[in-house]
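# Fold and geometry: a report
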Amino acid sequence: MSGGKWPRRLQLAVLAALASIMLAGCGNEYVVLNPKGPVAQTQYDLIMISIILCSIIIIPVIGLTAFIVYRYRDTPNNKATYKPNWAHSTKLEVIWWSIPIVIIAILGYFTVRDTYALKENPNKEVKPMVIQVTSLDWKWLFTYPEQNIATVNYLEIPSGVPVQFQISAEAPMNSFWVPELGGQIYAMAGMTTELYLQADHPGEFQGRGANFTGEGFAHMQFNVKATTQDEFDQWVKEVKGTTPEMSKEDYEQLKKPGLSDVLTYSSFPEGLFEEIVSKYSHGHPMETGGNMHDSMHMDGDKEESTPGSEAGEKKDESAHSTHHMPNMSMTPVMNH
Amino acid sequence: MWESLKEFCSWFFVTGDPLIYGAMVSIALTMVAIVFVLTKYKKWGWLWREWLTTVDHKRIGIMYLIASLLMLFRGGVDALMMRVQLAFPNLEFLHSDHYNAIFTTHGTIMILFMAMPMMFGLFNMVVPLQLGARDVAYPFLNAVSFWLFMFGAMLFNLSFVIGGSPDAGWLSYPPLSQNDFSPGPGQNFWIWGIQISGIGSLATGINFIVTILKMRAPGMKLMKMPMFSWSVFSSCTMIILAFPILTVTIALLYLDRFAGAHFFTMDGGGNPMMYLNLIWMWGHPEVYIVVVPAFGIFSEVVATFAKKKLFGYTSMVAAVMGIAILSFFTWAHHFFTMGTSANVIAFFAITTMLIAIPTGVKIFNWLFTMYRGKISFKQPMMWTIAFIPCFVVGGATGVMLSVAPADYQYHNSYFLIAHFHQVLIGGVVFGYLAGIYYWWPKLFGFKLDEKLGAWGFWLWNIGFYVCFMPQYALGFMGMTRRYYTYGWDLGWEPLNLVSTVGAFLMGAGFVFQVWQITYSIKHGERDTTGDPWNGRTLEWSIPSPAPFYNFAVVPQVKDMDDFWRVKEEKANGTYKEEPVHLEPIHMPKNSGLPFIMSVCWFIAGFGFVWEWTWMAIIGMVGVALVMWARSFQYDTDYYVPVDEVRRTEASLGRVY
């Protein structure tokens, strides 16, 4: 899905320009401009294509403005032509109706192409892993149906494997966003939206809610850790072995408004996510994604069934606690 | 008794925040001061006769302008408070609730209670004069519109000292804005403040459409109508198509909250996404409603100060009307991220991009109006020139946002924030300021001081770029809008601090403008000719300030820039002096009913806000009574005798 060779070269030039504008350059903090997976890469390419196409208009127009304003200023010694009644030129007007039409046509082509592409698994060779995401007031619940584990405000995924996020909410509408891996999608009660993301390499990324949900909204940030498949399997094993189970009551507690630390659960009530969705969908689950039925796993498959996982043998006792993010800035002082 | 009063006050008033107590005290002091001054100088009767009951479009325009400048101040203070809170990570200047209320009121006020009335103020001040008309088509309705806006705005603003401000964002998305998540009267204040003023907006839209279609001076064919009036026509077309959607949508939201309906609730069969669709079906045309008149202003200003005919008039008319139509087909781009099918997303991405075409064409036409002109850099022109690069960049980032898959990365980030502030400040605010500077002498009879204006201009402009360019970068850093705080670990702090500095520069620019106005009242250059800028259209042919009947003789129009034609013909001696024949002028009578009716609406609105049904009923009965009374009023107009017209004109230096 990359834009071929020519945009790449121009991208470098544009990046250099951006760097000088932004002074700080494109350091790691520019998460949108540091794609770490195929989806974010596609979007990064589109951003660069659109910057280039827009620059084709912006730069000459600003230059022309400066020139005209200077050239035709009303000063006593200005000898520039003055034609007060020259107000029409079909040739010129055809030109500037056409320029934006051509630019929009080019941009429209790339836009439509990638709009369709991003609805699909970005990595056709690998079977995607499913993670269910629920936005609550004000924390994120992640349930892993294939592994039957759950986490709160923390996401761990294997790198090189596309992840299909199935996203819903039991709270006001939020938006699930991991900028380094790709753009966001809304989390809405009674509906399931679908988003494919993939991390190409191990690493840690910021994730956050991007649609305002009230008082604790700013604290709905979470870390995403991409590991190798082995490490991921190992982590799942530890979670299963060392953390408590999530009961229905635990979920009821969790969904009450308030902040939460990072939590992990060795299991979650069967069909929890589907139940959350159907609670608000009046018996007709609204699917806003594409081919949901193919990938839904509602059959109570509670065994460890990560694709390609080997029975992890290594056991690292201290590993579990390291997955928690004690440095996550939380101020649990909400007055509820 | 005392205890129950205390109890009442504790939930009726907003308590516990020193900033709000300060605001309460200053509001009380201001009101005492106003009452004192009016009483001491025996001005109550004057206020009632000359202003509260007026149906004169120019006075209504002035009142709109004053109200919108006050609202600009309040919305600006909101903005500065937000910027202070975000200047450094983990600041505790504002708590989450307070911050949420402030960004909500900032957005609502700036769009609905600042931009809209400033725009209506300009419509009122200019359109009848530009058309050669003596008033708008429905002067009484015009007063109704203004007072509905005014009392709607007052109801909305009351919420920050009484009951609590709304805090679910400027468009109050459900389910967050529903009772479950936003109990209390705050959201109701939002609904009723907008509802009441929205009725006024719709009426203004109808009023100006009819004015433009029916009240043009003889000879002014539609294709000879000045560009500003065309832009008003485009804007009003959008108003009458879009505002009913707003009215119905927030009425349904109120039914959800008040009567337990389930239109947009999370449970019970409601669909919050329906609200998003409906509100943006109004909301997207709304941004064009406010920006298209700014395009009209730039067209007038550019032609006047380049001393050259507007380039590509026909293209410009096609562009503003094209925008009016296209604006109704782009709403879903506000939520590309809701996960609809690729077909829907692709459709709205393309329609959004299409808007860039007519908009881009206008930029070229303005540039080529200046090309081979003679540009003088007076204040209205300065704002127009500053607008072009600002809007080109803002428009380009808008095109970037319309690239749907990329929008998944920009959505709700500071990139979006920077974009819409760039088009709304660079387009709407710069445009309206240009318009205010341009037409100020026509309304008030004096120019605004150039030197203080230059300070205001440069502070606004430099401040704008310092404030908003870093926000594009913050968007690329993943900073999400509506965060009341952020941590040190994200690297967001340097650019946020820069942005805050920029916001204060703009604030300083506003202070200079207020100073400029107060200074110019005494010292501003008087306009004795009625044509201070060497203008081109009809409004400059009459004295400044314009007499209450506008035109002693209704002009015969032959050209788009008719006054320019007359001046040229006079200069080269081809002008044929027509014999002037003064006739009695038919004018509408003042009426207190619009004011009284709006007070009744305010009472009803207050009752609806607190869900005090008895009070709402009293208010609505009052509204009905006023309408009933008006239907039996037959003595609503009068004729200004020829003698009085002659005397008035003579006092303004024109002899007939």
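Computed from a predicted model, the values in this text were never measured in an experiment. (Residues numbered from 1 in each chain as written. Chains lettered and ligands numbered in written order. Predicted model: local features only at pLDDT ≥ 70, side-chain atom pairs only at ≥ 80, totals over all residues.)

### As for the sheet that holds strand β9 (residues 203-209) of chain A
Residues and elements named next belong to chain A. Strand order in this open sheet of five strands is β4-β10-β9-β6-β7, and the pairing throughout is mixed. Either end of the sheet is taken by a strand with one partner, and the two such strands are β4 (154-158) and β7 (182-187). On average, each strand axis in the sheet is tilted by 20 degrees relative to the strand beside it, whichever way the strands run. In terms of strand pairing, β9 meets strand β10 (residues 221-227) through six bridges, oriented antiparallel. Note that in β10 the partner of arginine 208 across the bridge is glutamine 221. (Pairing = 2+ DSSP bridges. Helix = DSSP H or I, 4+ residues; strand = E, 2+ residues; numbered from the N terminus. Axes fitted to C-alpha atoms, helices over the stretch in contact; angles between N-to-C directions.)

### As for the domain arrangement of chain A
Taken domain by domain, chain A consists of domain 1 (5-72 + 90-117) and domain 2 (129-307). Its residues assigned to classes, the side of domain 1 of chain A that touches domain 2 of chain A shows six nonpolar, three polar and one charged. (Domains from an automatic or database assignment. Nonpolar A, V, L, I, M, F, W, Y, C, P; charged D, E, K, R; others polar.)

### Digging into the interface of chain A and chain B
Listed as interface residues are 77 residues of chain A and, on the opposing side, 76 residues of chain B. Taken together, the elements giving at least two residues each to the side of chain A that touches chain B come down to α2 (38-71), α3 (90-117), β7, β8 (191-197) and β9 of chain A. When residues in the side of chain A that touches chain B are grouped by element, the largest group, 15 residues, is from α2(A). (Contact = placed C-beta atoms within 7 Å.)

### Here we look at the nonpolar core
Residue and element names in this part refer to chain B. Within the largest apolar cluster, 293 residues are counted, with the highest numbers of intra-cluster contacts made by Ala115, Met119, Phe298, Tyr432 and Ala434. If you tally residues by element for this core, the top one is helix α5 (residues 96-131), at 22 residues. If we ignore the near neighbours within four places in the chain, the residues touching methionine 119 are Val290, Pro293 and Tyr432. (Core = buried A, V, L, I, M, F, W, Y, C linked by C-beta atoms within 7 Å. Buried ≥ 20, exposed ≤ 12 C-beta atoms within 10 Å, placed from the backbone.)

### Points about the packing of α2(A) against helix α12 (residues 379-402) of chain B
Two elements in contact, α2(A) and α12(B), have axes separated by 10 Å at closest approach and are oriented at 175 degrees. One way to sum up the angle between α2(A) and α12(B) is to call them roughly antiparallel. Contacts from A:Ser50, A:Ile51, A:Cys54, A:Ile57, A:Ile58, A:Val61, A:Ile62, A:Thr65 and A:Val69 in α2(A) reach B:Ile385, B:Ile388, B:Pro389, B:Val392, B:Val393, B:Ala396, B:Val399 and B:Met400 in α12(B). Of the residues in the contact of α2(A) with α12(B), the class split is 15 nonpolar, two polar and no charged. (Parallel < 35°, antiparallel > 145°, perpendicular 65-115°, else oblique.)

### Notes on the domain arrangement of chain B
A common way to state how big an interface is: give the accessible area lost once the parts meet. Residues and elements named next belong to chain B. Assigned domains of chain B: these are domain 1 (1-42) and domain 2 (43-651). Each of domain 1 and domain 2 has a C-alpha centre, and the two are 30 Å apart. In this assembly, eleven residues from domain 1 lie in contact with nine residues from domain 2. Among the residues forming the side of domain 1 that touches domain 2, the class breakdown is nine nonpolar, no polar and two charged.

### Topic: α12(B)
The α-helix advances 3.6 residues per turn, and as a result positions three or four apart in sequence lie on the same side. Residues and elements named next belong to chain B. With 24 residues, α12 should cover 34 Å at 1.5 Å per step; its first-to-last C-alpha distance of 34 Å lies within 8% of that length. Approximately 30 degrees is the largest bend angle found in α12, and it occurs at phenylalanine 387, with the proline proline 389 only one to four residues beyond. Counting buried residues along α12, 22 of its 24 residues qualify, which places the element largely inside the surrounding structure. (Expected span 1.5 Å × (residues − 1). Bend = angle between axes of the 7 residues up to and from the residue.)

### Re the pairing of strand β6 (residues 174-178) of chain A
Residue and element names in this part refer to chain A. In terms of burial, β6 is a largely internal element, five of the five residues being buried. Burial along β6 is two-sided: Asn174, Phe176 and Val178 facing one way and Ser175 and Trp177 facing the other are all buried. Adjacent in sequence and paired antiparallel, β6 and β7 are bridged by three residues. Relative to β9, β6 is paired through two bridges, and the arrangement is antiparallel. Residue pairing in the sheet places phenylalanine 176 in a bridge with glycine 209 of β9.

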